[in-house]
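# Examining the three-dimensional arrangement
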Amino acid sequence: MKKIKLLYISMMVMALGLFSSCLDDLNQIPRIEETSETVYSTPEGIRQVLAKLYASLAIAGQEKGDANTDLGGQTYRGYMRIYFNLQELPTDEAIYTWGGGDALNNVQFMSWNSSDEWTGAMYYRIYYTVALCNEFLRNATESRISGFAEADKVEIRKYRAEARFLRALVYYHALDFYGNVPFVTEADPVGAFFPPRKTRAELFEYIESELKDIETQLPEPLQNEFGRVSRAAAWWLLAKLYLNAKVYIGTDKNTECIIYASKVIAGGYSLEPTYANLFKADNNLRTNEIIYPIQADGQKTTTWGSTTYLVSGPIVGAMVASDYGVQSGWGSIRTRKEFVGLFNDVTGKTDKRGAFFTEGQTLDIDDPTIQTQGYSIVKFVNKTSTGQNGSNFAEGLVDTNFPMIRLADVYLMYAEAVVRGGTGGSKAQALDYINLIRKRAYGNDSGNITSDDLTLNFILAERGRELFWECTRRTDLIRFGKFTGSSYIWQWKGGIRDGKATDNKYNLFPLPVADLAANPNLIQNDGY
């Protein structure tokens, strides 16, 4: 019941750094005897609390290596690691070796239930971040900052908009994963109470209105420091919300998706020339394409989740861990046969995104617990673009940031919304965006497509090739009607070697059974 209480009580937060300019001051040491009166009494204290809001998506605890955990339980189950597992492991893009030991078989075989620990862990992580954001907004008020210098007031007003964006982002994840969920804001009473239930449509409307309200309060694109959001992030989330509107509320909003995708595109961003550099230890230099990252730092925001998981997890079989900037591989994550089939070759010589590790690995997976079954594909590495190791090679903790929002995704969203019939864009422009992505992938024009090639099936496949392991695949497959049911079968879908049709109830995760018992306002999702 400890986790349940975290949803319904006001929480005091400790100052932890995430974005670069805070790192030297904050070394993940818990502060003793801090209260809201002391923490929010200075601009620096408020900034440190904002850093904790960002950090809640990366680290799982208050101390080095996720120790002194936020929510108790296993330390490595931070937001980013859980989010990856739920978005990727049930799909054709990934399979995990140690499914039994980590209770991930329910996830990767699409057989979870309302007592599942991973789907429950995501739910509690979402509401932990919601609670942190609510606490920040409850305290960083105009009356609280009335005695500050005018320049500090201006900055803190931006902080409030950033906190509201982060809350909207995790509420979007709740909308996508669970549908109808409990809802709390800073306006709700402090103390124990039963949060009301918002339907999926109501939560959609709230997120939409919140993002539009903060749009002009956030800094202009490219005007905030790396690791923090600008108004381009709000535009991206609105575009994402609208692209999936048919799933969420039963109404197409492709025209609206085009409007907000176009705003991002006009924000001054450009594709990074070298695809691999987006996923290296110095990807903080790729601000031309990465619009908002979940930051990592091998010295100061240390975690066994986040991108440490994404660097070490896919190192399997004969792979040499030091080639990827870490001390050891975890022998965990590979990909499935059907995803490999999205590429014309597996060497990366044609399409650089498709460089699979095949030595000693089988294409077919007869037994998911054997790490040499299934090709590996290393996307995230703890090496810089010049070949240097990250800052904490000795402990295997990485510096590689996770690109939560980047321009290529926006190009693909624009193209899809056009093909789905949205107005205000053009197929010619969509084709140009797609071919920019493919020219980077191929190194020349040989991968370019024509207008006739630009179909929904092509876009789904191209999203897989471009965005694999970036936590989009489950949502994409649901939008295309291919996640559950029988329209697309992959190995081990549904828990059998050759795959099988699955129940449509798995398009949503269940609410945790303990939370249903604790809150009479909630109703379980159909089928659970």
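The structure this text deals with has already been given above.
Here's what I pulled together on the structure shown here.

Rules behind the numbers
- Counting restarts for each chain, with residues numbered from 1 along the sequence as it is written.
- Local features in a predicted model are, by the rule used here, given only for residues with pLDDT of at least 70; side-chain atom pairs are given and counted only at 80 or more, and totals for whole chains, interfaces and linings are based on all residues.
- Excluding hydrogens and water, the side-chain values take into account all heavy atoms of the structure.
- The buried label goes to any residue with under 20% of its type's maximum accessible area, the exposed label to any with over 50%, and the partly exposed label to all in between, with areas taken from a 1.4 Å probe on protein chains only.
- Numbering of helices and strands starts at the N terminus; helices are DSSP runs of H or I of at least 4 residues and strands are runs of E of at least 2.
- Paired strands, as defined in this entry, are two strands with at least two bridges between them according to DSSP.
- His is not counted, nor are the chain ends; Lys and Arg add positive charge and Asp and Glu add negative charge.
- When a carboxyl oxygen of Asp or Glu lies within 4 Å of a side-chain nitrogen of Lys or Arg, that pair is called a salt bridge.
- For this analysis, a polar contact is any N or O atom pair within 3.5 Å, provided that within protein one partner can donate a hydrogen and the other can accept it, and provided that sequence-adjacent residues contribute only side-chain to side-chain pairs.
- Multiplying 1.5 Å by the helix residue count minus one yields the expected span of that helix.
- Contacts between residues were defined by any pair of non-hydrogen atoms, one from each residue, lying within 4.5 Å.
- Note that a disulfide, as used here, is simply two cysteine sulfur atoms within 2.5 Å.
- In these notes, a set of buried Ala, Val, Leu, Ile, Met, Phe, Trp, Tyr and Cys residues joined through side-chain atoms within 4.5 Å is what counts as a nonpolar core.

Below, the discussion takes up the pairing of strand β6 (residues 402-406). With five of five residues buried, β6 lies mostly within the body of the structure. Here strand β4 (residues 290-294) pairs with β6 via three bridges, running antiparallel. Its bridge partner lying in β6, Ile294 is registered against Phe402.

Next up on the list: the side chain of Asp297. Here Asp297 lies in the loop between β4 and α12 (306-312). Among buried charged residues, Asp297 stands out as having no salt bridge; its nearest opposite-charge side chain is Lys300, 4.8 Å away. In terms of polar contacts, Asp297 uses its side chain to reach the backbone amide nitrogen of Gln299, at 2.8 Å.

Tallied over the full model, the rule gives 47 salt bridges. Arg497 is paired through a salt bridge with Asp366; the nearest N and O atoms lie 2.9 Å apart. Of this pair, Arg497 sits in the loop between α17 (473-479) and α18 (513-518) while Asp366 sits in the loop between α13 (337-340) and β6, placing them 131 residues apart in sequence.

The next subject is helix α3 (residues 43-55). An α-helical segment advances 3.6 residues per turn. Residues three or four places apart therefore align on the same side. Across its 13 residues, α3 extends 18 Å between first and last C-alpha, which sits within 8% of the 18 Å expected from 1.5 Å per residue. With 11 of its 13 residues buried, α3 lies for the most part within the structure. Turning to α3, its buried residues number three or more, namely Gly45, Ile46, Arg47, Gln48, Val49, Leu50, Ala51, Lys52, Leu53, Tyr54 and Ala55. The inward-facing, buried residues of α3 contact α2 (36-39), α6 (117-139), α7 (150-178) and β4.

Further remarks concern the state of the cysteines. Scanning the entire structure with this criterion turns up zero disulfides. Looking at the unpaired Cys257, the closest cysteine sulfur is the one in Cys471, lying at 19 Å. The class for Cys257 is buried, based on a relative accessible area of 0%.

Now for the nonpolar core. Core analysis: the biggest nonpolar cluster contains 156 residues, and Ile126, Phe136, Phe165, Ile207 and Tyr292 have the highest contact counts within it. Considering each element in turn, this core owes the most residues, 15 residues, to α7. Discounting chain neighbours no more than four positions away, the residues touching Ile207 are Ala168, Tyr171, Tyr172, Leu175 and Leu241.

Mapping Asn401 onto the fold places it in the loop between α13 and β6. By relative accessible area, Asn401 is classed as buried at 3%. With sequence-adjacent residues up to four places away left out, Asn401 is seen in contact with Phe226, Asn283, Asn284, Pro293, Ile294, Gln295, Ala296 and Thr307.

Looking now at helix α16 (residues 456-467). With 12 residues, α16 ought to run about 16 Å at 1.5 Å a step, and its terminal C-alpha atoms sit 16 Å apart, in line with that. For α16, a buried count of 10 out of 12 residues is recorded, marking the element as mostly surrounded by other parts of the structure. Regarding α16, the residues found buried are Phe458, Ile459, Leu460, Ala461, Glu462, Arg463, Gly464, Arg465, Glu466 and Leu467. Contacts from the buried residues of α16 go to α9 (231-243), α13, β6, α14 (407-419), α15 (427-442) and α17. The positive-phi residue at the C-terminal boundary of α16 is Trp469, with phi of around 65 degrees.

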